[in-house]
Amino acid sequence: MEVDGFVLVHGGFHGAWCWDPVRPKLALPSVAVDLPGRGTRPLTGQPVTIDQCVEAVIADADAAGMSKMVLVGHSMGGITITEVANRYPDRVAQLVYVAALVLPPGSTVFDLYSLDPTPAADPAGVMPLLDESMAHQMFASDLSPEAFAPAHAQCVPEPVGLFAATVSGYDSGVPATYIRCRRDGAVSIEVTDQMVARLQPETVHDIDADHDIMLSQPDVVADL
(Lines give C-alpha, C1' and ligand atoms only; values in the text may rest on other atoms or scores of the structure.)
Protein backbone atom coordinates (compact mmCIF):
# COMPACT_ATOMS: atom_id res chain seq x y z
CA MET A 1 0.00 0.00 0.00
CA GLU A 2 1.58 3.27 -1.11
CA VAL A 3 1.04 6.04 1.42
CA ASP A 4 2.73 9.37 2.00
CA GLY A 5 2.61 9.23 5.78
CA PHE A 6 0.57 9.43 8.95
CA VAL A 7 -1.90 12.16 9.91
CA LEU A 8 -2.53 12.11 13.65
CA VAL A 9 -5.67 13.55 15.24
CA HIS A 10 -5.94 14.18 18.98
CA GLY A 11 -8.95 13.73 21.23
CA GLY A 12 -10.91 15.95 23.59
CA PHE A 13 -9.06 18.51 25.72
CA HIS A 14 -5.79 17.50 24.01
CA GLY A 15 -3.87 18.99 21.09
CA ALA A 16 -1.32 18.01 18.48
CA TRP A 17 1.32 17.93 21.23
CA CYS A 18 -0.02 14.60 22.57
CA TRP A 19 1.52 12.76 19.59
CA ASP A 20 5.03 14.12 20.26
CA PRO A 21 6.22 10.90 21.97
CA VAL A 22 5.02 8.78 19.01
CA ARG A 23 6.07 10.77 15.95
CA PRO A 24 9.87 10.26 16.18
CA LYS A 25 9.30 6.49 16.29
CA LEU A 26 7.26 6.28 13.07
CA ALA A 27 8.79 4.86 9.91
CA LEU A 28 7.04 7.36 7.61
CA PRO A 29 6.58 11.14 7.72
CA SER A 30 3.83 12.38 10.00
CA VAL A 31 1.83 15.47 10.80
CA ALA A 32 -0.12 16.04 14.01
CA VAL A 33 -3.23 18.19 13.61
CA ASP A 34 -4.46 20.86 16.00
CA LEU A 35 -8.23 20.72 15.69
CA PRO A 36 -10.05 24.06 16.05
CA GLY A 37 -10.04 25.37 19.60
CA ARG A 38 -6.40 24.88 20.56
CA GLY A 39 -2.76 25.32 19.59
CA THR A 40 -2.34 26.70 16.09
CA ARG A 41 -6.13 26.99 15.72
CA PRO A 42 -7.30 28.87 18.84
CA LEU A 43 -10.93 29.64 19.60
CA THR A 44 -12.36 32.60 17.72
CA GLY A 45 -15.63 33.08 19.61
CA GLN A 46 -17.49 31.16 16.90
CA PRO A 47 -18.88 27.61 17.20
CA VAL A 48 -16.50 24.77 16.34
CA THR A 49 -18.01 22.22 13.95
CA ILE A 50 -17.09 18.81 12.62
CA ASP A 51 -16.87 20.42 9.17
CA GLN A 52 -14.08 22.66 10.45
CA CYS A 53 -12.29 19.66 11.94
CA VAL A 54 -12.42 17.79 8.63
CA GLU A 55 -11.11 20.88 6.86
CA ALA A 56 -8.24 21.16 9.39
CA VAL A 57 -7.15 17.57 8.74
CA ILE A 58 -7.23 18.00 4.97
CA ALA A 59 -5.43 21.36 5.15
CA ASP A 60 -2.60 19.93 7.25
CA ALA A 61 -2.33 16.83 5.04
CA ASP A 62 -2.15 19.06 1.97
CA ALA A 63 0.47 21.30 3.59
CA ALA A 64 2.57 18.21 4.34
CA GLY A 65 2.23 16.97 0.77
CA MET A 66 0.24 13.90 1.77
CA SER A 67 -2.24 12.94 -0.92
CA LYS A 68 -2.70 9.43 0.54
CA MET A 69 -2.56 9.07 4.31
CA VAL A 70 -2.91 6.65 7.17
CA LEU A 71 -5.35 8.57 9.37
CA VAL A 72 -5.03 8.00 13.12
CA GLY A 73 -7.50 9.29 15.71
CA HIS A 74 -7.45 9.16 19.50
CA SER A 75 -10.55 9.35 21.70
CA MET A 76 -12.92 12.05 20.35
CA GLY A 77 -10.63 12.24 17.33
CA GLY A 78 -12.46 9.13 16.17
CA ILE A 79 -15.39 11.35 15.21
CA THR A 80 -13.19 13.50 12.99
CA ILE A 81 -11.31 10.69 11.26
CA THR A 82 -14.57 8.89 10.51
CA GLU A 83 -15.96 11.95 8.77
CA VAL A 84 -12.72 12.61 6.88
CA ALA A 85 -12.90 9.06 5.50
CA ASN A 86 -16.59 9.45 4.64
CA ARG A 87 -15.95 12.64 2.67
CA TYR A 88 -12.49 11.91 1.25
CA PRO A 89 -12.24 8.10 1.00
CA ASP A 90 -9.71 8.32 -1.83
CA ARG A 91 -7.31 10.23 0.43
CA VAL A 92 -7.31 7.67 3.27
CA ALA A 93 -5.51 4.33 2.92
CA GLN A 94 -6.21 3.15 6.48
CA LEU A 95 -8.04 4.33 9.58
CA VAL A 96 -6.51 3.65 12.99
CA TYR A 97 -8.75 4.22 16.01
CA VAL A 98 -6.67 4.59 19.19
CA ALA A 99 -9.08 4.19 22.12
CA ALA A 100 -11.28 6.26 19.85
CA LEU A 101 -15.00 6.96 19.87
CA VAL A 102 -17.18 5.14 17.36
CA LEU A 103 -20.54 6.76 18.00
CA PRO A 104 -23.84 5.51 16.61
CA PRO A 105 -24.73 7.70 13.61
CA GLY A 106 -26.63 10.73 14.86
CA SER A 107 -25.44 10.25 18.46
CA THR A 108 -23.16 12.67 20.33
CA VAL A 109 -20.60 12.62 23.12
CA PHE A 110 -23.30 14.19 25.30
CA ASP A 111 -25.38 11.08 24.62
CA LEU A 112 -22.51 8.64 25.20
CA TYR A 113 -21.78 9.94 28.68
CA SER A 114 -25.37 10.93 29.54
CA LEU A 115 -24.15 14.47 30.09
CA ASP A 116 -26.33 17.49 30.72
CA PRO A 117 -26.76 19.01 27.22
CA THR A 118 -27.34 22.50 28.65
CA PRO A 119 -23.86 23.70 27.60
CA ALA A 120 -24.86 23.02 23.99
CA ALA A 121 -27.20 26.01 24.28
CA ASP A 122 -24.07 28.09 23.66
CA PRO A 123 -22.54 26.43 20.59
CA ALA A 124 -19.52 28.74 20.83
CA GLY A 125 -18.87 27.73 24.44
CA VAL A 126 -16.52 25.17 25.94
CA MET A 127 -16.64 22.20 28.27
CA PRO A 128 -14.42 23.03 31.26
CA LEU A 129 -11.08 21.32 31.66
CA LEU A 130 -11.06 18.48 34.16
CA ASP A 131 -8.98 19.08 37.27
CA GLU A 132 -5.61 17.36 37.20
CA SER A 133 -6.46 14.58 39.65
CA MET A 134 -9.64 13.56 37.82
CA ALA A 135 -7.96 13.82 34.42
CA HIS A 136 -5.12 11.61 35.63
CA GLN A 137 -7.57 9.00 36.87
CA MET A 138 -9.57 9.01 33.61
CA PHE A 139 -6.80 9.30 31.04
CA ALA A 140 -3.47 8.12 32.39
CA SER A 141 -3.60 6.12 35.60
CA ASP A 142 -0.71 4.05 34.23
CA LEU A 143 1.51 7.13 34.44
CA SER A 144 2.68 8.61 37.71
CA PRO A 145 1.04 11.91 38.68
CA GLU A 146 4.40 13.59 38.14
CA ALA A 147 4.70 12.19 34.61
CA PHE A 148 1.14 13.21 33.73
CA ALA A 149 1.40 16.77 35.09
CA PRO A 150 3.23 18.27 32.05
CA ALA A 151 0.60 16.77 29.72
CA HIS A 152 -2.29 18.12 31.75
CA ALA A 153 -0.68 21.55 31.72
CA GLN A 154 -1.10 21.56 27.93
CA CYS A 155 -4.75 20.46 27.96
CA VAL A 156 -7.45 23.01 27.19
CA PRO A 157 -11.24 23.32 27.56
CA GLU A 158 -13.02 21.44 24.78
CA PRO A 159 -15.31 23.26 22.33
CA VAL A 160 -18.95 22.39 22.97
CA GLY A 161 -19.47 21.92 19.25
CA LEU A 162 -17.38 18.75 19.29
CA PHE A 163 -19.34 17.27 22.19
CA ALA A 164 -22.41 17.79 20.00
CA ALA A 165 -20.83 16.50 16.76
CA THR A 166 -22.17 13.43 14.96
CA VAL A 167 -20.95 11.05 12.26
CA SER A 168 -22.87 10.11 9.15
CA GLY A 169 -21.95 6.41 9.22
CA TYR A 170 -19.17 3.87 8.80
CA ASP A 171 -19.52 2.89 5.17
CA SER A 172 -16.55 4.74 3.65
CA GLY A 173 -14.97 1.47 2.56
CA VAL A 174 -11.64 2.47 4.15
CA PRO A 175 -10.12 -0.44 6.13
CA ALA A 176 -9.89 0.18 9.86
CA THR A 177 -7.83 -0.96 12.83
CA TYR A 178 -8.88 -0.49 16.45
CA ILE A 179 -6.45 -0.24 19.40
CA ARG A 180 -8.46 -1.16 22.50
CA CYS A 181 -7.05 -0.11 25.89
CA ARG A 182 -8.06 -2.68 28.47
CA ARG A 183 -7.54 -0.28 31.41
CA ASP A 184 -9.29 2.69 29.78
CA GLY A 185 -10.64 5.04 32.43
CA ALA A 186 -12.43 7.30 29.95
CA VAL A 187 -14.36 4.68 27.96
CA SER A 188 -15.47 1.50 29.72
CA ILE A 189 -14.49 -1.80 28.16
CA GLU A 190 -18.19 -2.62 27.70
CA VAL A 191 -18.73 0.56 25.68
CA THR A 192 -15.50 -0.03 23.77
CA ASP A 193 -16.66 -3.52 22.83
CA GLN A 194 -19.91 -2.03 21.49
CA MET A 195 -17.94 0.49 19.44
CA VAL A 196 -15.66 -2.20 18.00
CA ALA A 197 -18.75 -4.21 17.01
CA ARG A 198 -20.20 -1.10 15.36
CA LEU A 199 -17.00 -0.34 13.43
CA GLN A 200 -16.19 -3.95 12.48
CA PRO A 201 -12.48 -3.22 11.94
CA GLU A 202 -10.21 -5.59 10.07
CA THR A 203 -7.90 -5.82 13.10
CA VAL A 204 -8.26 -5.22 16.85
CA HIS A 205 -5.26 -4.90 19.14
CA ASP A 206 -5.83 -5.27 22.89
CA ILE A 207 -3.27 -3.41 24.99
CA ASP A 208 -2.90 -3.25 28.77
CA ALA A 209 -3.02 0.53 28.97
CA ASP A 210 -5.13 3.47 30.06
CA HIS A 211 -6.73 5.95 27.67
CA ASP A 212 -3.69 8.11 26.83
CA ILE A 213 -1.66 5.20 25.47
CA MET A 214 0.30 7.50 23.16
CA LEU A 215 1.80 9.07 26.30
CA SER A 216 2.32 5.90 28.34
CA GLN A 217 3.32 3.46 25.57
CA PRO A 218 4.45 5.44 22.51
CA ASP A 219 6.62 2.55 21.27
CA VAL A 220 3.59 0.24 21.18
CA VAL A 221 1.46 2.81 19.36
CA ALA A 222 4.21 3.45 16.79
CA ASP A 223 4.71 -0.28 16.19
CA LEU A 224 0.99 -0.91 15.70
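It should be emphasised that the depicted structure is a prediction, and the values quoted were computed from it without experimental measurement.

What counts, and where the lines are drawn
Residues numbered from 1 in each chain as written. Predicted model: local features only at pLDDT ≥ 70, side-chain atom pairs only at ≥ 80, totals over all residues. Heavy atoms only, no water. Helix = DSSP H or I, 4+ residues; strand = E, 2+ residues; numbered from the N terminus. Buried < 20%, exposed > 50% of the residue type's maximum accessible area, 1.4 Å probe, protein only. Salt bridge = Lys/Arg side-chain N within 4 Å of Asp/Glu carboxyl O. Arc of directions from axis to C-beta. Contact = heavy atoms within 4.5 Å. Pairing = 2+ DSSP bridges. Axes fitted to C-alpha atoms, helices over the stretch in contact; angles between N-to-C directions. Expected span 1.5 Å × (residues − 1). Phe/Tyr/Trp six-rings, centres within 6.5 Å; stacked < 30°, edge-to-face > 60°.

Let us look at unusual backbone geometry. Backbone geometry places S75, a non-glycine residue, at a positive phi of 55 degrees. Summarising the element assignment, S75 is placed in the loop between strand 3 (69–74) and helix 2 (77–87). The backbone of A99 sits at a positive phi, close to 45 degrees, despite the residue not being glycine. Tracing the chain through its elements places A99 in the loop between strand 4 (92–98) and helix 3 (109–112). Residue A99 is classed as buried on the basis of its relative accessible area of 2%.

Here we take up the pattern of salt bridges. Pairs can form between side chains of opposite charge once their charged atoms are near each other. Within this structure, the stated rule accounts for 10 salt bridges. A salt bridge links R87 to E83; the shortest N-O distance between them is 3.3 Å. Linking R87 with E83, this pair stays in helix 2, spanning four residues, or about one helical turn. Owing to a relative accessible area of 4%, E83 belongs among the buried residues under this scheme. Of the charged contacts in the structure, one is a salt bridge between R183 and D208, with a shortest N-O distance of 3.8 Å. In this pair, R183 is assigned in the loop between strand 7 (176–181) and helix 7 (189–199) and D208 in the loop between strand 8 (203–207) and helix 8 (213–216), connecting sequence segments 25 residues apart.

This part covers helix 4 (residues 132–139). Inspection of helix 4 places A135, H136 and F139 among the buried residues, and these make up the whole buried set. One face of helix 4 carries all of its buried residues, which in axial projection span an arc of 100 degrees. Every exposed residue of helix 4 that faces more than 90 degrees away from the buried side is listed here: S133 and Q137. Against the buried residues of helix 4 lie helix 5 (145–154).

So, about the sheet that holds strand 8. Here six strands make up an open sheet; going across it, the order is 2-1-3-4-7-8 and the pairing parallel. Among the strands making up the open sheet, the edge pair consists of strand 2 (30–33) and strand 8. Going across the sheet, the axis of each strand differs from the next one's by a mean of 15 degrees, ignoring polarity. Sheet analysis places strand 1 (residues 5–9) next to strand 3, joined by five bridges and oriented parallel. Looking at strand 3, one finds that F6 is bridged to V70. Contacts from helix 7 reach strand 4, strand 7 and strand 8, with the element oriented near 175 degrees to strand 7.

Okay, helix 1 (residues 50–63) next. For helix 1, built from 14 residues, the straight-helix expectation of 20 Å at 1.5 Å per residue is met to within 8% by its first-to-last C-alpha distance of 20 Å. For helix 1, every residue scored as buried is listed here: I50, C53, V54, A56, V57, I58, D60 and A61. Considering only its buried residues, helix 1 is in contact with strand 1, strand 2, strand 3, helix 2 and helix 6 (160–163). G65 sits one or two positions beyond helix 1 and adopts a positive phi of about 75 degrees.

Here G125 shows up in the loop between helix 3 and strand 5 (126–127). On the basis of relative accessible area, G125 is assigned to the buried category, the value being 14%. Each C-alpha atom of the pair G125 and I207 lies 35 Å from the other, and the pair is 82 residues apart in sequence.

Applying the stated criterion across every chain, the model contains three aromatic pairs. Plain terms: the ring middles of F13 and F163 are 6.1 Å apart, the flat faces sit at 70 degrees to each other, and that makes the pair edge-to-face. With a gap of 150 residues between them, F13 in the loop between strand 1 and strand 2 and F163 in helix 6 connect regions that are remote in the sequence. Like F13, the residue F163 is buried in the burial classification. Note on Y97 and Y178: the rings are 6.3 Å apart at their centroids and 10 degrees apart in plane angle, and the pair reads as stacked. Pair noted here: Y97 is in strand 4 and Y178 is in strand 7, with a separation of 81 residues, a long-range link. Here Y97 matches Y178 in class, with each residue buried. Joined through ring pairs, the aromatic side chains of F13, F110 and F163 make up one cluster.

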